[in-house]
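Descriptive structure summary
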Amino acid sequence: MAGLDKPPRSGDESASALALSTASPDAQGALAAIAAVIPELKLVLGLLSGSVIVAALYFGRDILIPLALAFLLGFVLDPLVTLLKRRGLPRAPAVIVVVAFALGMVGLAAVFLGHQVSTLSAQLPTYQTNIKTKLQNLRESANRPGMFDGALRTFDTLKKEVEQTSPVIERGNAPVERGSAPSSPPQRVQLTERPQSAFQQAITWLEAASGPLATAGIVLVFVVLILLDRLDLRDRLLRLWGGSLHRSTDAMDEAGQRISRYLTMQLVVNLSYGVPMAAGLWFIGVPGAILWGAVAAVMRFVPYIGPMISAVFPIGLAFAVDPGWSMVLWTIGLIVALEMLSNNVIEPWLYGVSTGLSAMSLMVSATFWTALWGPLGLIMSTPLTVCLLVIGRHLPRLRFLDVLLGSQPALDTPTRIYQRLIAGDVDEVSELAEEHVVDGNVAGFYDEIGLPVLRMASSDHASVATVEHRHRVVIGMDTLIDDLREQYPEPEASGTVRVVAIGGKWEADTLAARMLAHAMALQGQRSGVRKPGTVTGDYIAGLDLDGAQCVCVSYLSPEPQVHARHLCRRLKRRWPEVKVVLACWNAPAELLVEDACKGLGADAIVTSVGEAVMRVSSIAGVRLTEEFLAAPVGEADPARVAALLSSGALDARAQALFDAASQRAADIFDVPLAMVSLIDAETQYVRGAHGGLEGTDSTPTVRGEDLNMPRALSMCGHVVANVKTLVVPDIARDMRFAGNPALQSKGLRFYAGAPLRDAGGHVLGTLCLLDTEPRALNQREIRLLEAMADDLMKTLAASVVQWGDVLPVPMATTVNSATLGQPVPAA
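Nothing here was measured: the structure is a model prediction, and the numbers come from that model. (Residues numbered from 1 in each chain as written. Predicted model: local features only at pLDDT ≥ 70, side-chain atom pairs only at ≥ 80, totals over all residues. Heavy atoms only, no water.)

1. Observations concerning the overall build of the chain
The following threshold applies: Secondary structure elements follow DSSP: runs of H or I no shorter than four residues count as helices, runs of E no shorter than two count as strands, and numbering proceeds from the N terminus. The contact definition used throughout considers only heavy atoms, calling two residues in contact when any of these lie within 4.5 Å. Accessible surface area values rest on a Shrake-Rupley calculation with a 1.4 Å probe, where residue burial reflects the displayed protein chains alone.
Of regular secondary structure, the chain possesses 29 helices and 14 strands. Counting contacts in the chain only where the partners sit at least 6 residues apart, residues at least 24 apart contribute 69% of the total. With the model as given, the accessible surface of the chain reaches about 46,300 Å², and the carbon-plus-sulfur share is 62%.

Structural data, given as structure tokens:
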């Protein structure tokens, strides 16, 4: 089987190879020995460091536990301190007020629960008769003949027969003849302690309570100090973290947000469990219902075992109160129903990805911290593990913590499919493919998953892949493409093949050509596939391109220029009327410039399946089923338009806000044009903009007001319809938008738009970024754009309150598909 191009060595490998090649033989041997030992040394040092850290956590728990508790409580109380500071109260008095309020609430809760406990304890003696009766009934039920009694009697009889056959038995070290008189039984002695005096009991209780009271006092002092010096502590932690200040700030912000969100959601979940518990127990008739509801809410802060412990008390009390069994059964049913509702509905809905921890890591972390710090470690296990997760996410050397603890998939979908192919698990590959072919978008699946799999196979071919691995990948991908062709069959067509996909050099190129041919066939183009071969006259003649309009040559090699130039020249010489498109799936930067195809003798160069389908269809003169994806209109759009008219966004005084937001977005994201667009029933209107797109020979200079256009042609219309952010790195290579005439006429290549939501959740328009060059945004940048859009809407809402009456003005321009954005004065 043919191979794939061997990838070039990395810079580190090249430098190491150069050092070994220029050194003497003895030095080469020493360097090789050192290089072989370095990985083991790193592993040993890592294990030693981990052992030292675990030992420090264990032996320093008397100091670390109060400090960790104080930081945790600081996360809870700091928002209240910040709120009082915003109201004009200095930080020190604000801290005193918040701490006093927290202690007062704890004291009131203790007094109330203490009253509930005393009332309940006074009633317990009245339930002794029920308890004795039920225990007696249970004892009688246990003594009745059971299903195994016959077998047990038979076993006892057999045991006695066996014992009777033994003439001598052992007692101590001396044999005793059966029938001899046994020795006298030992006397039972019972030691009774003298009861303690009242003073001795007080001393005992004080000794037992001194440890928790001392810990509580230390925690209180730490909490006050943390709240007072929060900013100074933050600066010191940033200094200790070192490295990039941006990365350190991001790590601390993420840790704080995740822990605060987790604690808030935990409180909401516990209240949503404790309140229905108290109400349900009161309705059933269990005494102390409010007490047990509060205990259930508090004990849910203890993961896993807390709910089980809190359930024992109401069940036991129901057992004691009711002469029958109905109250016990109703109580058990209530607890089970609340647990099912909380675990399967409320917690997934409220938590979401608040912590970012996987279920397995939560279990392991709970066990780990409980083993180190006991019950308090179990309570703090989730926040502490969140801190480890954030550290691993922002420190490259500790990235393994993010992999081990995070809830995100360890492998993306292309890597998962590639691993299943290496393992030979073709059935699971097909299942994964079926899950990710969304709405029959086979071309999108090939672009996002199929081609990345082939890129990984091409990269590993000459380095780590064995012959068996290569064979499994080829066979598995062949089977996957066959399955997709069967599941999404090509429309029946007659006549000659109009488009031919050819594998450039290797087997993986042919697999990519098969994907491309399938995608083009689904667009109504009769296509075929040819395998690669040595470019000779016989091979060219055997391609059988008579009647074909276009040939698409597939290359996974990062340097296909030599082979592609030779093949294009031979194809053009034999079939001059055939158009040649080079599908360079790993195209280098020099092949992405506009006229690169001319130097290779081709008519076009494409880098994705979607782009290839559009370019080949354009060359072949075939009209696609959808030239571009028009912006849809939802069923609830009339209500959205009504919200737009009453929002104040159309007030002339809002334009200054929109212009300022556009300028800020353009400066922060360093784009030539940022704008605020509003979408009514039929049209996109630009209400604020900053910057412009420089024109070229084929496109004019574009300003914000030039982008008024029909809603169907607007990319912002997709944001409004889908109610989520849209990012298109390269419009010209995106199958959904490349054929949009409004975007083509403006020369747009990059778009990113975040929705502008009002208080009712209606999307009125977008805050968007545009460029004439392709670019990309990472997830943090996308979240920042969304936050800026939300801030703009909050500022607008506050401004509307100040304005009083909203003065909506009619739109100053009307557009249609003929004008494509040219302003027309309104009547």
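2. Remarks on the nonpolar core
Note that soluble globular proteins tend to have their nonpolar side chains buried in a common cluster. Note the threshold: By nonpolar core is meant a set of buried Ala, Val, Leu, Ile, Met, Phe, Trp, Tyr and Cys residues that side-chain atoms within 4.5 Å join together. Only protein chains enter the area calculation, which uses a 1.4 Å probe; residues under 20% of their type maximum are buried, those over 50% are exposed, and those in between are partly exposed.
By size, the foremost hydrophobic cluster in this structure holds 41 residues, and its most contacted members are F445, Y446, M477, W585 and V609. Broken down by element, this core gets its largest block of residues, 9 residues, from helix 18 (residues 442–460). If we skip the residues at most four places from it in the chain, M477 touches L421, G450, V453, L454, L511 and M515. In terms of nonpolar packing, the next biggest core, distinct from the first, is built from 31 residues, V81, Y262, L263 and V390 among them.

3. Considering the side chain of E611
Position of E611 among the secondary structure elements: in helix 24 (residues 609–620). Aside from chain neighbours lying at most four places away, what touches E611 is I605, V606 and R733.

4. Digging into the pattern of salt bridges
Spelled out, the test is: What makes a salt bridge here is a side-chain nitrogen of Lys or Arg within 4 Å of a carboxyl oxygen of Asp or Glu, nothing more.
Summed over all chains, the structure comprises 18 salt bridges. A salt bridge links R615 to E611; the nearest nitrogen and oxygen atoms lie 3.8 Å apart. Placement of the pair is R615 and E611 together in helix 24, with a separation of 4 residues, close to one helical turn. Overall, the relative accessible area of 33% leaves R615 in the partly exposed class. Given a relative accessible area of 2%, E611 falls into the buried group. Two residues, D730 and R749, come together in a salt bridge whose shortest N-O distance is 2.8 Å. Linking D730 in the loop between strand 12 (726–728) and helix 28 (741–746) with R749 in the loop between helix 28 and strand 13 (750–757), this pair joins segments that are 19 residues apart in sequence. Judged by its relative accessible area of 13%, D730 falls in the buried class.

5. Some remarks on the packing of aromatic side chains
For the record, the criterion: What counts as a ring pair is set by centres within 6.5 Å for rings of Phe, Tyr and Trp (its six-membered ring), and what kind of pair is set by the plane angle: stacked under 30 degrees, edge-to-face over 60, tilted for all other angles. In this scheme, Lys NZ or Arg CZ marks a charge over a ring once it lies within 6 Å of the ring centre and within 35 degrees of the ring normal.
For the coordinates displayed, the defined rule picks out 6 aromatic pairs. Taking the centre distance of 6.1 Å and the plane angle of 55° together, the rings of F445 and Y446 count as tilted. Here F445 falls in the buried class, since its relative accessible area comes to 2%. In textbook terms, an aromatic cluster arises when at least three aromatic residues are bridged by ring pairs, as seen for F368, W369 and W373. Note that R775 overlies the ring of F750, its terminal NZ or CZ placed 5.6 Å from the centroid.

6. Quick notes on helix 9 (residues 245–284)
Let me state the cut-off plainly: How far a helix is expected to stretch is found by multiplying one less than its residue total by 1.5 Å.
Between its first and last C-alpha atoms helix 9 spans 58 Å; for 40 residues at 1.5 Å apiece the expected length is 58 Å, and the two agree. One or two positions beyond helix 9, positive phi appears at G285, with a value near 105°.

7. So, the sheet that holds strand 6 (residues 579–584)
The line we're drawing: Pairing between two strands is assigned when DSSP locates at least 2 bridges connecting them. For helices, the axis comes from a line fit to the C-alpha atoms of the stretch in contact; other axes are also lines fit to C-alpha atoms, and the angle between any two N-to-C directions lies between 0 and 180 degrees.
With parallel pairing, the 5 strands of this open sheet are ordered in space as 4-3-5-6-7. Looking at the sheet topology across the chains shown, the edges are occupied by strand 4 (527–530) and strand 7 (604–606). Shown here is a sheet whose adjacent strand axes are inclined to one another by a mean of 25°, direction ignored. Of the pairings in the sheet, the one linking strand 5 (residues 550–555) to strand 6 comprises 6 bridges and is parallel in character. Within strand 6, the residue paired with Y555 across the bridge is C584.

8. Points about the side chain of S365
Residue placement: S365 occurs in helix 13 (residues 359–379). Discounting chain neighbours no more than four positions away, the residues touching S365 are S381 and T385.

9. Details of helix 10 (residues 289–299)
Three- or four-residue spacings in an α-helix give side chains the same orientation, since the helix completes a turn every 3.6 residues. Every buried residue belonging to helix 10 is among A289, L291, W292, G293, A296 and A297, and all of these are buried. The secondary structure elements touched by the buried residues of helix 10 are helix 4 (91–123), helix 9 and helix 11 (305–321).

10. Examining the packing of helix 16 (residues 413–423) against helix 18
Our working definition: Note on angle classes: values under 35 degrees are labelled roughly parallel, values over 145 roughly antiparallel, values of 65 to 115 roughly perpendicular, and the remainder oblique. Note: crossing handedness is left-handed where the near helix turns anticlockwise from the far helix by less than a right angle, and right-handed where it turns clockwise.
Close contact between helix 16 and helix 18 brings their axes to 9 Å; oriented N to C, the two are set at 55°. On the basis of the axis angle, helix 16 is oblique to helix 18. Crossing of helix 16 against helix 18: the hand is right-handed. On the side of helix 16, the interface is formed by T413, P414, T415, I417, Y418 and L421, while helix 18 contributes E448, I449, P452, V453, M456, A457 and D460.

11. As for the pairing of strand 4
Just so we agree on the cut-off: Clockwise travel from the first strand over the helix to the second, with the strands pointing away from the viewer, marks a crossover as right-handed.
Pairing between strand 3 (residues 499–503) and strand 4: 4 bridges, direction parallel. Among the inter-strand pairings, V499 is bridged to a residue of strand 4, identified as S527. Read as a crossover between parallel neighbours, the route from strand 3 over helix 20 (residues 507–522) to strand 4 is right-handed.

12. Re the pairing of strand 5
Judged by how many residues are buried, strand 5 sits mostly within the fold: 6 of 6 residues are covered. Residues C550, C552 and S554 point to one face of strand 5 and V551, V553 and Y555 to the other, with burial holding for every one of them. Pairing of strand 3 with strand 5, which is carried by 5 bridges, proceeds in the parallel orientation. Residue pairing across strands places G503 opposite S554, the latter belonging to strand 5. Regarding the hand of the β-α-β motif, the stretch spanning strand 5, helix 22 (residues 561–574) and strand 6 is right-handed.

13. Structural notes on a negative patch on the surface
We apply this condition: Patch criteria: residues need more than 30% relative accessible area and no salt bridge. Like-charged residues are merged within 9 Å; nonpolar side chains of Val, Leu, Ile, Met, Phe, Trp and Tyr are merged within 5 Å. Counted as positive: Lys and Arg. Counted as negative: Asp and Glu, with His and the chain ends omitted from the count. To locate a charge, take NZ of a lysine, CZ of an arginine, CG of an aspartate or CD of a glutamate.
Together, D427, E431, E434 and E435 make up a negatively charged patch on the protein surface. Following the sequence through the fold, E431 ends up in helix 17 (residues 426–436). A relative accessible area of 49% means that E431 is categorised as partly exposed.

14. Brief notes about unusual backbone geometry
The phi dihedral of D670 is positive, around 55°, even though this residue is not glycine. Following the sequence through the fold, D670 ends up in the loop between helix 26 (655–669) and strand 8 (673–679).

15. Observations concerning the packing of helix 9 against helix 10
Condition: Each residue gets one label: Ala, Val, Leu, Ile, Met, Phe, Trp, Tyr, Cys and Pro are nonpolar, Asp, Glu, Lys and Arg are charged, and the others, such as Gly, are polar.
For the pair helix 9 and helix 10, interaxial distance at closest approach is 8 Å and the crossing angle is 155°. Considering the angle they form, helix 9 stands roughly antiparallel to helix 10. Seen along the crossing, helix 9 lies across helix 10 with a hand that is right-handed. Contacts from N270, Y273, G274, M277, A278, L281 and W282 of helix 9 reach helix 10 at A289, I290, W292, G293, A296 and A297. Of the residues that constitute the contact of helix 9 with helix 10, the class distribution is 10 nonpolar, 3 polar and no charged.

16. Structural notes on the state of the cysteines
Using the following cut-off: Working definition: a disulfide is two cysteine sulfur atoms within 2.5 Å of each other.
Enumeration according to the criterion identifies 0 disulfides in this entry. Its sulfur unpaired, C568 is 8.9 Å from the next cysteine sulfur, which belongs to C584. Here C568 falls in the buried class, since its relative accessible area comes to 1%. Left unpaired, C597 is separated from the closest cysteine sulfur, that of C568, by 9.6 Å. The class for C597 is buried, based on a relative accessible area of 10%.

17. Remarks on the environment of T264
Along the chain, the position of T264 falls in helix 9. A relative accessible area of 41% places T264 in the partly exposed class.

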